[in-house]
Amino acid sequence: MATVAEHGSGRRPGQAMVALADRAPQAAAPADAGRHVTVVYTDIVGSTGLAARAGASYPSLLVRHRELIAGAVARRGGSYLSHAGDGTMAVFDRPDDALGAAVDAQRALGAEAWPAGLGIRVRMGVHAGEVHDVDGEPVGLAINQGARIMAVAHAGQVVVTDAVASAVAGAGEAVAGDGGPDLVLADAGHHDLRDHATPVRLRQVVADGLTVVLPGPRVAGEQAPCLSATALGEAC
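Residues numbered from 1 in each chain as written. Predicted model: local features only at pLDDT ≥ 70, side-chain atom pairs only at ≥ 80, totals over all residues. Heavy atoms only, no water.

A.B. asks: Honestly, unusual backbone geometry in this entry has me stumped. Any pointers?
C.D. replies: As a rule of thumb, non-glycine residues mostly have phi less than zero, and peptide bonds are mostly trans rather than cis. Here the phi dihedral of Asp135 falls at roughly 55°; this positive angle occurs in a residue that is not glycine. By the secondary structure assignment, Asp135 is in the loop between strand S4 (122-134) and strand S5 (137-139). (Helix = DSSP H or I, 4+ residues; strand = E, 2+ residues; numbered from the N terminus.)

Written out as C-alpha cells, the structure reads:
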C-alpha cells in the first residue's frame, strides 16, 4: 500500500514507511484467552476444467454452490467466514454441528439440479482446535491444519480428524438428522500432512447421500480400509 501512496506524491521511495514509523505507537489490542472451535473447509474438485466447460455461466454456478454451503452452515448455527476462489471456510462452537453442516452441504450439492456436464463436486475437511480472535476472525494453527485435512479428501467426501471423531462419538443420529440413519466415521489410517507435527489419523464420514471413496484419502501413508455400504474395514 505504501508504494501506491508514493506515486504522484512527490515523496522519495521509502518516505511513506518512515512517516508511518514516526507516528505515535498504537496500543496493542489485548490478547483473548482463546476458544475451542471446529472448522469446516471446502473446495471444488476439478474447478479449472469446470470453469472451462461452463464459460460465462461459471460465476453463477460458483455463487449457487456458496449459497448451498452457507445455508447448511447457518442451519447448524455456524459462522460462514470466508470464501476464496472455489473454497469456503466456516467455524462452529460444537463439533457435531460442524460435522452435521458438512453432511448437509454435501447432500444439498448432490441433490442440486446442475446443468448437464456442469455438476459441482466438493471435498471437505473437518478439524477442531484452539483459535484466538484477531479483528473478529479466528486465527490459529487449527485453521491451517483444517485446510491441509480438506486437501486430501476426494470429491463428495468428508474427512475428519480424531479430535472431531472423539467429540461427536455417539452423536450420529443428531448429526445425520432427517437425511438417513446414523453416520459412521470409518477409519482411514494415519497420514503425514503439512502443518502437523505427527501423522494424523483420519476418518471418512459414511452416511446416506455422501460419496464413499475407495480406499480413502488421497495422500500416501498407512493403507486405509476399503469402505462400502455392506462391509466396512475390509482389506483393500
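A.B. asks: Looking at this structure, how should I read empty space enclosed by the protein?
C.D. replies: In this approach the atoms are scanned with a rolling probe the size of a water molecule, which exposes any empty space left behind. In the structure shown here, the tally under the stated rule is 1 cavity of 30 Å³ or more. By volume, the largest cavity is sized at about 60 Å³. Every residue along the wall of the largest cavity is listed here: Val40, Thr42, Ile69, Val73, Tyr80, Thr88, Met89, Ala90, Phe92, Ala101, Ala102 and Ala105. In terms of residue count, strand S3 (residues 87-92) provides more of the lining of the largest cavity than any other element does, 4 residues in total. (1 Å grid on protein atoms, 1.4 Å probe; cavity = no way out; pocket = protein on both sides within 12 Å on 5 of 7 lines; lining within 4 Å. Points joined across faces, edges and corners; volume = space filled by probe spheres on them.)

A.B. asks: Where do I start with the side chain of Arg107 in this structure?
C.D. replies: Secondary-structure assignment places Arg107 in helix H5 (residues 95-111). Of the side chains with opposite charge, Asp104 lies nearest to the buried Arg107, which makes no salt bridge, at 4.3 Å. (Buried < 20%, exposed > 50% of the residue type's maximum accessible area, 1.4 Å probe, protein only. Lys, Arg positive; Asp, Glu negative; His and termini not counted. Salt bridge = Lys/Arg side-chain N within 4 Å of Asp/Glu carboxyl O.)

A.B. asks: Explain the pairing of S4 to me, please; I cannot follow it from the model alone.
C.D. replies: If a strand is regular, its side chains alternate between the two faces of the sheet. Pairing geometry for strand S1 (residues 35-44) and S4, over 10 bridges, is antiparallel. Paired with Val37 across the two strands is Gly129, which belongs to S4. In terms of strand pairing, S4 meets strand S6 (residues 158-161) through 3 bridges, oriented parallel. Following the sheet pairing, Met124 is matched in S6 by Val158. Pairing between S4 and S5: 3 bridges, direction antiparallel. Looking across to S5, one finds that Val134 is bridged to Glu137. (Pairing = 2+ DSSP bridges.)

A.B. asks: Looking at this structure, how should I read the pattern of salt bridges?
C.D. replies: Where side chains of opposite charge bring their charged atoms close, a pairing between them can arise. On inspection of all chains with the given rule, the structure shows 11 salt bridges. The salt bridge involving Arg35 is made with Asp93; its shortest N-O contact spans 3.6 Å. One end of the pair, Arg35, is in strand S1; the other, Asp93, is in the loop between S3 and H5, with 58 residues separating them in the sequence. Residue classification places Asp93 among the exposed positions, given a relative accessible area of 61%. The residue Glu67 makes a salt bridge to Arg64 at a minimum N-O spacing of 3.3 Å. Note that Glu67 and Arg64 are positioned in helix H4 (residues 58-75) at a spacing of 3 residues, about one turn of the helix. Residue Glu67 is classed as partly exposed on the basis of its relative accessible area, which comes to 44%. Classification of Arg64 as partly exposed rests on a relative accessible area of 31%.

A.B. asks: Even after reading the chapter, I still don't get the environment of Arg123, so can you show me in this structure?
C.D. replies: By secondary structure assignment, the location of Arg123 is in strand S4. Here the alpha-carbon distance between Arg123 and His154, two residues 31 residues apart in the chain, equals 5.5 Å. A distance of 2.7 Å separates a polar atom in the side chain of Arg123 from the backbone oxygen of Ala153. (Polar contact = N/O pair within 3.5 Å; in protein donor to acceptor, adjacent residues only side chain to side chain.)

A.B. asks: Would you take a moment to explain H4 for this structure?
C.D. replies: Given 3.6 residues per turn, any residue in an α-helix points the same way as the ones three and four places further on. End to end, H4 covers 26 Å across 18 residues, agreeing with the expected 26 Å (1.5 Å per residue, within 8%). Every buried residue of H4 is accounted for by Tyr58, Leu61, Leu62, His65, Arg66, Leu68, Ile69, Gly71, Ala72 and Val73. Looking at the buried side of H4, the elements it contacts are S1, helix H3 (47-54), strand S2 (79-84), S3, H5 and S4. Once H4 finishes, Gly77 follows within two positions and takes phi at roughly 80°, a positive value. (Expected span 1.5 Å × (residues − 1). Contact = heavy atoms within 4.5 Å.)

A.B. asks: For this particular structure, what's the right way to read the side chain of Gln157?
C.D. replies: Along the chain, Gln157 falls in the loop between helix H6 (141-151) and S6. Relative accessible area serves as the criterion here: at 0%, Gln157 is assigned to the buried category. Within the local environment of Gln157, its side chain forms a polar contact with the backbone nitrogen of His154, the two atoms lying 2.8 Å apart.

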